[in-house]
Amino acid sequence: MSEENKNNEEYGADNIQVLEGLEAVRKRPAMYIGDVGQKGLHHLVYEVVDNSIDEALAGHCSDIDVFINEDNSITVKDNGRGIPTALHEKEKKSALEVVMTVLHAGGKFDKGSYKVSGGLHGVGVSCVNALSTDLRVEVHRGGKVFEQEYKIGVPQYDVREIGTTDRTGTEVTFKPDLSIFVESIYHYDILAARLRELSFLNKGINLSITDLRRKNDDGTHVNEKFFS
Ligand code: 0RA
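> Residue-level account of the overall build of the protein chain, with values.
Counting its regular elements, the protein chain contains seven helices and eleven strands. In the protein chain, buried positions account for 47% of the 228 residues. Approximately 11400 Å² of the protein chain is accessible, and the part contributed by carbon and sulfur atoms is 51%.

And the structure:
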């Protein structure tokens, strides 16, 4: 068999299933996130935050910070162990890529843990990825920084090492696909109310929200911290 054919075959079944999964989410987004209005738009944030909450419930994460960026994209940053980046044996790609692209990937991304963290649908970060024109994940783990970017869930390059670090954690930045959502603007008050609620449901976690679109009179960004 030629090298090219072999590569094509290796691309084969797994990757096609990933693409089919992403397509299914984009075809019927409401089935995965409830609706494509204001609720669904904000639900994307909760899906990403719930992953970090799960890491906190596992005892490995104390801080979760949410940012509404100037371009109306969202960043969720935690100080957990960082999503594993090692090569995933079965899928022949980084575990990080699997988590970010395969529906319901990874033990801690299925129902059980979402019930604990108070998550709603618990469909996982791959759904958020499928419904984002641009998503970037950055992982600090084992002294190294890794990144991968996606467009409508499709990786733009293999997970790559971009530097060194003295901390651990995961940071996800995504821009919702406005060809799918009929609401486009993130409301600080809606996200802040949910984070306050999550703080009461999950005691001992430092949660914060910062609106980088809005400044207070003293020049600082609109920000709240929640802890209980
Ligand atoms: C599975 C295994 C490990 C970490 C995570 C998932 C993880 C996922 C998310 C999602 C957002 N933040 C996260 N932080 C961690 C680590 C397993 C290990 O280190 O042995």
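> Could you give an account of the confidence of the model for the protein chain, naming the residues involved and the relevant values?
Confidence in the prediction of the protein chain, expressed as mean pLDDT, is 91, and 88% of residues score 70 or more. When pLDDT is averaged over each helix and strand of the protein chain, the minimum, 41, is found for helix α5 (residues 111-117) and the maximum, 99, for strand β2 (residues 74-78). For residues 106-120, every residue scores under 50 in pLDDT, and the model assigns this stretch 32 contacts once sequence neighbours within four places are set aside.

> I'd love a proper account of the packing of helix α3 (residues 38-57) against helix α7 (residues 188-201), names of residues and values included.
Where α3 contacts α7, the axes come no closer than 11 Å and their chain directions differ by 35°. Read as a crossing pair, α3 and α7 show a hand that is right-handed. On α7, the residues that touch Q38, H42, V45, Y46, V49, D50 and I53 of α3 are I190, L191, R194, L195 and L198. Its residues placed into classes, the contact of α3 with α7 shows eight nonpolar, two polar and two charged.

> Report on a nonpolar patch on the surface, specifying residues and quantitative values.
On the surface, Y11, I16, L19, I152 and V154 cluster together into a nonpolar patch covering about 400 Å² of accessible area. A total of three residues in the nonpolar patch trace back to one element, the largest contributor, which is helix α1 (residues 3-27). Inspection of the secondary structure puts V154 in strand β7 (residues 154-155). Under the relative-accessibility criterion, V154 is labelled partly exposed at 31%.

> Can you break down α7 residue by residue, with the values?
Relative to the 20 Å expected for 14 residues at 1.5 Å per residue, α7 spans 20 Å between its end C-alpha atoms, a close match to the ideal helical length. Residues of α7 that are buried: Y188, L191, A192, R194, L195, L198 and S199. All buried residues of α7 fall inside an arc of 165° around its axis, so they share one side. Exposed and oriented more than 90 degrees from the buried face of α7 are D189, F200 and L201.

> Describe the nonpolar core, listing the residues and the values that go with them.
Grouped together as the largest cluster of nonpolar side chains are 49 residues, with contacts concentrated most on V45, V49, I74, M100, F174 and Y186. In terms of residues, this core owes the most to one element, α3, which gives eight residues. For I74, the residues in contact, after removing those within four places along its chain, are V45, V66, F67, I68, N69, V172, T173, F174, Y186 and L191.

> Please provide a residue-by-residue account of the packing of aromatic side chains, values included.
All chains considered together, the criterion is met by zero aromatic pairs. When the ring centre of Y46 is taken as reference, the NZ or CZ atom of R194 above it lies at 5.6 Å. The ring of Y188 carries the charged tip of R214 above its face, separated from the ring centre by 5.6 Å.

> Please provide a residue-by-residue account of α3, values included.
Look at α3: 28 Å from first C-alpha to last across 20 residues, which is about the 28 Å you get at 1.5 Å a residue. Backbone geometry just downstream of α3 places G59 in the positive-phi region, at approximately 90°.

> With reference to specific residues and values, describe the environment of N223.
Structurally, N223 is set in strand β11 (residues 221-226). Taking the C-alpha atoms as reference points, N223 and I209, 14 residues apart in sequence, are found 5.6 Å from one another. Residues within four places of N223 in sequence aside, it is in contact with Y188, I209 and T210. There is a polar contact of 3.2 Å between the side chain of N223 and the backbone oxygen of I209.

Reading the values: the criteria
- Residues numbered from 1 in each chain as written.
- Predicted model: local features only at pLDDT ≥ 70, side-chain atom pairs only at ≥ 80, totals over all residues.
- Heavy atoms only, no water.
- Helix = DSSP H or I, 4+ residues; strand = E, 2+ residues; numbered from the N terminus.
- Buried < 20%, exposed > 50% of the residue type's maximum accessible area, 1.4 Å probe, protein only.
- Areas by Shrake-Rupley, 256 points an atom, 1.4 Å probe, with all protein chains shown as cover.
- pLDDT = per-residue confidence, 0-100.
- Contact = heavy atoms within 4.5 Å.
- Axes fitted to C-alpha atoms, helices over the stretch in contact; angles between N-to-C directions.
- Left-handed = near helix turned anticlockwise from the far one by under 90°.
- Nonpolar A, V, L, I, M, F, W, Y, C, P; charged D, E, K, R; others polar.
- Patch = residues over 30% accessible without salt bridge, like charges linked within 9 Å, V, L, I, M, F, W, Y side chains within 5 Å.
- Salt bridge = Lys/Arg side-chain N within 4 Å of Asp/Glu carboxyl O.
- Expected span 1.5 Å × (residues − 1).
- Arc of directions from axis to C-beta.
- Core = buried A, V, L, I, M, F, W, Y, C linked by side-chain atoms within 4.5 Å.
- Phe/Tyr/Trp six-rings, centres within 6.5 Å; stacked < 30°, edge-to-face > 60°.
- Lys NZ or Arg CZ within 6 Å of the ring centre and 35° of its normal.
- Polar contact = N/O pair within 3.5 Å; in protein donor to acceptor, adjacent residues only side chain to side chain.

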